[in-house]
Amino acid sequence: MADYFRTSDGVALAVVDTGTPDAPVTVLLTHGWTSDLRVWDEVAGALRDRVRVLRYDHRGHGGSDKAPRDTATLGRLADDLAELIADRVPTGRLVLVGHSMGGMTMMALAERHPDLVERRVAAAVFTATSSGRMGEVTFGLPKVLVKAAARRQSKARRPSPGVPRPARPVVPPSRLRIVATRAFLRWLVFGTRFRMVDVRSVADQAAQVHRGSAAALRRDIGKHARVAALAHYAHADTQVLVGELDRLTPLDHGRAIAAAMPHAEFVLYPAAGHMLPYERVPELAARILRAARTPAAAR
């Protein structure tokens, strides 16, 4: 059951703390854009009784408050993470695991709080994420179609000068729309191995996100460029995990992270997509446990 941590700007973040409370190592799991802490349910379950596991919902996601104006940025998410660590894990070694936007938050943490990363982080697992160039991602579609869709969406959101936008009535989605959404998400974020229960979970998490917060974060992700920040993880046991069929953070994005950290282990999962926390649970849990047992983590 989640409890809440309040950030310095007053946002309540939903937090779940499981595992061994007095473990010398805490594994901190951070989720991606339009997901929430439930994406880690099975991985956290596999880690139970072996390490302490802390996971939370980013602002604007899951059970956390929406992001106040101008705070839906990766930099602010990194500050949230730093504050959560200071409050909930003031001592001991950390293993940071970030999926998608969670991995980008880890890079922003290194950029904004380098001393924290260098002093406390024993291991880092970058999972299906990117260090930049997210504005170039085409999801495997022709670039011209992606650009046209983005222009149409932007135009639809732009209000006419002096004309207030009418409130939209809340209309429950039709069965057809629900099925179509799940089919699209299955294609977009999963590889060839998937379970419908996981597809439904991804859809449910996306439906609960605060739309304004998500939209602002998506714009900020488009500007994300933090290759240089990866140098602050040079001391840590670092892994870069990539799905071969990932459409959101493609294979070359994972290779770019690994190239910036020659000491890192690069792991490619054949036939996997973007949702490695669902698609490769045993493998992910094993790698996190290995990271928690590194000499640096044991200090």
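Definitions and limits used
- Residues numbered from 1 in each chain as written.
- Predicted model: local features only at pLDDT ≥ 70, side-chain atom pairs only at ≥ 80, totals over all residues.
- Heavy atoms only, no water.
- Buried < 20%, exposed > 50% of the residue type's maximum accessible area, 1.4 Å probe, protein only.
- Helix = DSSP H or I, 4+ residues; strand = E, 2+ residues; numbered from the N terminus.
- Pairing = 2+ DSSP bridges.
- Polar contact = N/O pair within 3.5 Å; in protein donor to acceptor, adjacent residues only side chain to side chain.
- Contact = heavy atoms within 4.5 Å.
- Core = buried A, V, L, I, M, F, W, Y, C linked by side-chain atoms within 4.5 Å.
- Axes fitted to C-alpha atoms, helices over the stretch in contact; angles between N-to-C directions.

Engineer: Mind showing me how you'd approach the pairing of strand S4 (residues 52–56) here?
Structural biologist: Consecutive side chains of a regular strand alternate in pointing toward one face of the sheet and then the other. A large share of S4 lies buried, amounting to five of its five residues. The side-chain alternation of S4 yields two buried faces, one formed by Arg52, Leu54 and Tyr56 and the other by Val53 and Arg55. Both strand S2 (residues 12–19) and S4 contribute to a ladder of five bridges, which runs antiparallel. When the bridges of S4 are listed, valine 16 appears paired with arginine 55. Note that strand S3 (residues 25–30) and S4 share four bridges and pair parallel.

Engineer: Just checking my understanding: could you explain the side chain of threonine 71 for this structure?
Structural biologist: Among the secondary structure elements, threonine 71 is positioned in the loop between S4 and helix H2 (74–88). From its side chain, threonine 71 meets the backbone oxygen of proline 68 in a polar contact 2.7 Å long. Leaving out residues up to four positions away in the same chain, threonine 71 has contacts with Asp9, Arg59 and Arg76.

Engineer: Hey, could you run me through the nonpolar core in this one?
Structural biologist: Burial of nonpolar side chains together is a common tendency in soluble globular proteins. One finds Leu109, Phe126, Tyr233 and Met261 to be the most contacted residues of the largest nonpolar core, which totals 44 residues. Those residues in contact with tyrosine 233, other than ones at most four positions away along the chain, are Leu96, Met106, Met107, Leu109, Ala110, Val117, Val121, Ala124, Phe126, Thr238, Met261 and His263. The next biggest cluster of nonpolar side chains, apart from the first, holds 37 residues, and it includes Val39, Val125, Phe190 and Tyr269.

Engineer: How should I be thinking about the sheet that holds strand S1 (residues 3–6) in this particular structure?
Structural biologist: The strands that make up a sheet are held in pairs by hydrogen bonds between backbone atoms, and each pair lies either parallel or antiparallel. Pairing within the open sheet is mixed, and its eight strands lie in the order S1-S2-S4-S3-S5-S6-S7-S8. Every other strand in the sheet has two partners, leaving S1 and strand S8 (265–269) as the edge strands with one partner each. Direction aside, the axes of adjacent strands within the sheet are offset by 20° on average. In the sheet, strand S7 (residues 237–243) pairs with S8 via five bridges, with the strands oriented parallel. Of the residues in S8, the one forming a bridge with glycine 243 is tyrosine 269. Lying on the sheet, helix H3 (residues 101–112) is in contact with S3, strand S5 (93–99) and strand S6 (121–127); it crosses S5 at an angle near 135°.

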